[in-house]
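Reading the structure
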Amino acid sequence: ENPIESVFYRQGDMVLRRVGDYADSYDATTDQITRRVGVLVLKGDEPVRLQSINSYNIANFYIAKPSDAVQTSDSLFSSSHFMRQRTLIAETTTPGMLDSSQIFYIRLYSNIIGTVNSFKQYLAEQFQAGSPVTIYYRLATPVVENWTETTYNQYMPSNN
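What this report covers is the structure whose coordinates are included nearby.

Reading the values: the criteria
- Residues numbered from 1 in each chain as written.
- Predicted model: local features only at pLDDT ≥ 70, side-chain atom pairs only at ≥ 80, totals over all residues.
- Heavy atoms only, no water.
- Helix = DSSP H or I, 4+ residues; strand = E, 2+ residues; numbered from the N terminus.
- Buried < 20%, exposed > 50% of the residue type's maximum accessible area, 1.4 Å probe, protein only.
- Contact = heavy atoms within 4.5 Å.
- Pairing = 2+ DSSP bridges.
- Axes fitted to C-alpha atoms, helices over the stretch in contact; angles between N-to-C directions.

Before going further, it helps to examine the overall build of the chain. Each helix and strand counted, the chain has one helix and eleven strands in total. Across the chain, helices and strands are ordered from the amino to the carboxyl terminus as β-β-β-β-β-β-β-β-β-β-α-β. Per-residue burial over the chain gives 39% buried out of 160 residues. Within the chain, residue pairs in contact and separated by at least 24 positions form 64% of the contacts whose partners lie at least 6 positions apart.

Structure (structure tokens):
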């Protein structure tokens, strides 16, 4: 209904992310970035489990949340490939993604991807094609990192 989209701000090599009300920030006076949004890039070698295939032919796979993620139900997240769902309704016909306290669920049509091996192969193919399945999530504790880049904008001469 109300998807939460990831938003990226890029200046030079600096990338700041925002998901909903949670955003990375940069302090130019201290040259520090405070990360509040974590990134999980799926490569196809992660531990994955098939929870079930429901009567609507939807396979429910799950992947453990990273240890630095908020470990509660309905924590804020966004995905590059899957629409966020708010609840795990067993009898649904909609592929998508949702989270539980320590798990990200990914729901797909089982006639397309119905086994752990086919799901891991899909993840690996997406990664190798340069469009990996990526999950953006709220960090349990913000992480501060020093930023040493000195060139943010390049001068572009005008044609006038």
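Attention now goes to the sheet that holds strand β4 (residues 25-27). Strand order in the open sheet formed by four strands is β4-β5-β11-β8, and the pairing between neighbours is antiparallel. Each edge of the open sheet is held by one strand with a lone partner, namely β4 and β8 (77-79). With strand direction ignored, the average angle separating the axes of adjacent strands in the sheet is 35 degrees.

Side chains Gly96 and Leu98 of strand β9 (residues 96-99) all project onto a buried face; the interleaved residues Met97 and Asp99 project onto the opposite face, where all are buried too. One ladder, built from four bridges, connects β9 with strand β10 (residues 103-109); its direction is antiparallel. Bridge pairing in β10 places glycine 96 opposite arginine 107. The loop that links β9 with its antiparallel partner β10 comprises three residues.

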